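# Coordinates in review
Given next are the chains, with one letter for each unit.
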Amino acid sequence: MPSSDELFLFNDATNENTFEGEEQQLQQKANTWHMLVVDDDEQIHQITQLVLSGYKYQGQSVTLNHAFGKDEALAKLKENPQICVILLDVVMSTDDEGLECAKAIREELNNVNVRIYFANGSTKHNPRA
């Protein structure tokens, strides 16, 4: 038997309790790739949005979700299980916040399905290097 979510997604359009706008939003949400951009730099979010706007993969558009740190990223993943790809900055408020975030995704959230792509645009000088 389908879950209540499945019943709602495929609910008959003649049902008086269903709003046409809600049906459209659900259909659009189902036909999109959900990605999460995790970076503490607002410009990275803006350029990613610019680059991926209008992009389609396998006939589906891309919907970007945004987080500016580890805690916000974990919250976004909990509220949107459809996120399938994460673009994750390694260096945010600490030198390894991105790595800690990835570890929490795998170990605390037990999410082994989401693809995580690391980025490091840091221009900080590292005296140890």
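These notes cover the structure that comes with them. By convention here, each chain's residues receive numbers from 1 onward along its written sequence. Totals for whole chains, interfaces and linings use all residues, but because this is a predicted model, local features are given only for residues with pLDDT of at least 70 and pairs of side-chain atoms are given and counted only at 80 or more. Side-chain figures throughout are based on the complete set of non-hydrogen atoms in the structure, without hydrogens or water.

### Points about the overall build of the protein
- Helix and strand counts for the protein stand at 5 helices and 5 strands.
- Only DSSP runs of H or I reaching four residues or more are called helices, and only runs of E reaching two or more are called strands; each is numbered from the N terminus. Going residue by residue from the N terminus, the α and β elements of the protein occur as α-α-β-α-β-β-α-β-α-β.
- Taking all 129 residues of the protein together, 29% fall into the buried category.
- Only heavy atoms enter the contact rule, under which two residues are in contact if any of them lie within 4.5 Å. Restricting to contacts in the protein with at least 6 residues of sequence separation, those with at least 24 account for 66%. For every residue, the accessible area (1.4 Å probe, protein chains only) is compared with the maximum for its type, and the residue is labelled buried under 20%, exposed over 50%, or partly exposed between those bounds.

### Observations regarding a nonpolar patch on the surface
- On the surface, Ile44, Ile47, Leu50 and Val51 cluster together into a nonpolar patch covering about 370 Å² of accessible area.
- Along the polypeptide, Leu50 turns up in helix α3 (residues 42-52).
- Take Leu50: its relative accessible area is 59%, and that puts it in the exposed class. In this scheme, patches are assembled from residues that exceed 30% relative accessible area and form no salt bridge. Like charges are connected within 9 Å, while nonpolar side chains (Val, Leu, Ile, Met, Phe, Trp, Tyr) are connected within 5 Å. Reported accessibility uses the Shrake-Rupley method at a 1.4 Å probe radius. Residues are deemed covered only where the shown protein chains occlude them. Whenever Lys or Arg places a side-chain nitrogen within 4 Å of a carboxyl oxygen from Asp or Glu, that contact is recorded as a salt bridge.

### Details of the nonpolar core
- Residues Leu36, Val38, Ile86, Leu88, Ile105 and Ile116 are the most contacted members of the largest nonpolar core, which totals 16 residues.
- At the level of elements, β1 (32-38), α4 (70-79), β4 (83-89) and α5 (97-107) are the ones that each hand at least two residues to this core.
- When residues in this core are grouped by element, the largest group, 4 residues, is from α5.
- For Ile116, the contacting residues outside a window of four places in its chain are Ile86, Leu88, Ala102, Ile105 and Arg106.
- Each nonpolar core is a collection of buried residues, namely Ala, Val, Leu, Ile, Met, Phe, Trp, Tyr and Cys, held together in the definition by side-chain atoms within 4.5 Å. Formed by 6 residues, the second largest nonpolar core is a distinct cluster that contains Met35, Val37, Leu64 and Val85.

### Points about α4
- Taken residue by residue, α4 has Ala73, Leu74 and Leu77 as its buried positions. The arc enclosing the buried residues of α4, seen along the axis, measures out at 100 degrees, which places them on a common side. Within α4, the exposed residues directed more than 90 degrees away from the buried face are Asp71, Lys78 and Glu79. The reported arc concerns the directions from the helix axis to the C-beta atoms and nothing else.

### Quick look at the pairing of β1
- Burial analysis of β1 places 6 of its 7 residues in the buried class, which makes it a mostly covered element.
- In terms of strand pairing, β1 meets strand β3 (residues 60-67) through 7 bridges, oriented parallel. Paired with His34 across the strands is Thr63, a residue of β3.
- The pairing of β1 with β4 spans 5 bridges and is classified as parallel. Its bridge partner being in β4, Met35 is matched across the sheet by Val85. Paired strands are those between which DSSP finds at least two bridges.

### Digging into unusual backbone geometry
- In the Ramachandran plot, Gln58 falls in the positive-phi region, its phi being about 50 degrees despite a non-glycine side chain.
- For Gln58, the position within the fold is in the loop between β2 (56-57) and β3.

### Section: the side chain of Asn80
- For Asn80, the location among the structural elements is in the loop between α4 and β4.
- The contact partners of Asn80, leaving out residues within four places of it in the chain, are His34 and Asn65.

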